[in-house]
Amino acid sequence: MAKSFQEKYFPTGDIFEAKQKYNSTWSWRSISSEVGFIQRYSCWNVGDGKDILIWKHRWIPELQDPPKPKHGCLIHDQFIYVNQLFLRNTSSWDIYLLHTLFDTNIVSFITSLSIHLSQVDNLIWLLEKNENFTVKSCYRKMYEETHPYQSVGPRMQNIYKRLWKLPTLPRVCQFLWKATSNLLATREALGHPIVGSDDSCPFCGQHQETASHV
């Protein structure tokens, strides 16, 4: 399925550049609706700098968006990829060039980044210490943003810790966590724009499909 999505919606391989089409499937509309969220908490990690677009990608963790050129800079469009900011054949930044293109605060952010010429550039997930994407951290952040005034108390924290340690399949733990956090993709949660006017349970047909009902 992932391959078919790529061929149809983002053939270049960059899901962040995917375009919505009038005939998009329901499943793709559901997935793509959260691509912006994933992008907000992702950042490029500098390797050889050959794939990161200076003015288009987020590659400086301290900045929420791609960097902007210094006011009055007239040569920034001559530089496209991050590796053009390196001193030739070294793993060091071209400090003079950086000060030509960026404001001082951005230069300090850039020079704090390590260059790894033997590695390719890769996307990292900022919500995990190991920088790998997990559904758990994604849902946790989504929940925090949609329920800013509902903190998780000690009782629920203890339940969550025990839940994730259950001796069962990860997908079962994930389902239970989503159910207790009211994050299941029920008809009630999806809302009228996606499921239409009928939000009843497709199994019993008598009650509204909510997390507690499921």
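Reading the values: rules and limits
The residue numbers shown here count from 1 along each chain, following its written sequence. Under the rules for a predicted model, residues below a pLDDT of 70 receive no local features and side-chain atom pairs below 80 are neither given nor counted, while totals for whole chains, interfaces and linings still include all residues. Water and hydrogen atoms play no part in the side-chain values, which are based on all heavy atoms of the structure. Secondary structure is summarised from DSSP: a helix means a run of H or I of at least four residues, a strand means a run of E of at least two, and numbering begins at the N terminus for each. Each residue gets one of three labels from its accessible area relative to the maximum for its type: buried under 20%, exposed over 50%, partly exposed in between, using a 1.4 Å probe on protein chains only. Throughout, a residue-residue contact means that at least one pair of heavy atoms, one from each residue, lies within 4.5 Å. A 1.4 Å probe and the Shrake-Rupley method give the accessible areas. Residues count as covered only by the protein chains that appear here. Within this analysis, patches are made of residues with over 30% relative accessible area and no salt bridge. Like charges are joined at 9 Å or less; nonpolar side chains (Val, Leu, Ile, Met, Phe, Trp, Tyr) at 5 Å or less. Take a side-chain nitrogen of Lys or Arg and a carboxyl oxygen of Asp or Glu: if they are within 4 Å of each other, that pair is a salt bridge. Given a helix with a known number of residues, its expected span is that number minus one, times 1.5 Å. Stacked, edge-to-face and tilted labels apply to pairs of Phe, Tyr and Trp rings (six-membered ring for Trp) whose centres lie within 6.5 Å, assigned for plane angles under 30 degrees, over 60, and everything in between, in that order.

(A) Quick peek at the overall build of the chain. Each helix and strand in the chain was counted, giving 10 helices and two strands. A buried classification covers 29% of the 214 residues belonging to the chain. Look at the contacts in the chain between residues 6 or more apart in sequence, and 50% of them connect residues 24 or more apart. Surface exposure of the chain reaches about 14300 Å², of which carbon and sulfur atoms provide 54%.

(B) Representation of a nonpolar patch on the surface. A cluster of nonpolar side chains, namely Leu166, Leu169, Val172, Phe175 and Leu176, defines an oily patch on the protein surface of about 370 Å² accessible area. With respect to the secondary-structure elements, Phe175 resides in helix 8 (residues 170-180). The exposure class assigned to Phe175 is partly exposed, which follows from its relative accessible area of 40%.

(C) Spatial organisation of helix 6 (residues 135-146). For helix 6, built from 12 residues, the straight-helix expectation of 16 Å at 1.5 Å per residue is met to within 8% by its first-to-last C-alpha distance of 16 Å. For helix 6, the full list of buried residues reads Ser137, Cys138, Met142 and Tyr143. Taken together, the buried residues of helix 6 touch helix 3 (35-40) and strand 2 (122-125).

(D) Examining the packing of aromatic side chains more closely. Under the defined criterion, the tally for this structure stands at eight aromatic pairs. Judged by centre distance (5.3 Å) and plane angle (35°), the rings of Trp55 and Phe102 are tilted. With Trp55 in the loop between strand 1 (42-45) and helix 4 (95-101) and Phe102 in the loop between helix 4 and helix 5 (104-111), the pair connects residues that are 47 residues apart, well separated along the chain. The exposure class of Trp55 is partly exposed, given its relative accessible area of 23%. A relative accessible area of 1% places Phe102 in the buried class.

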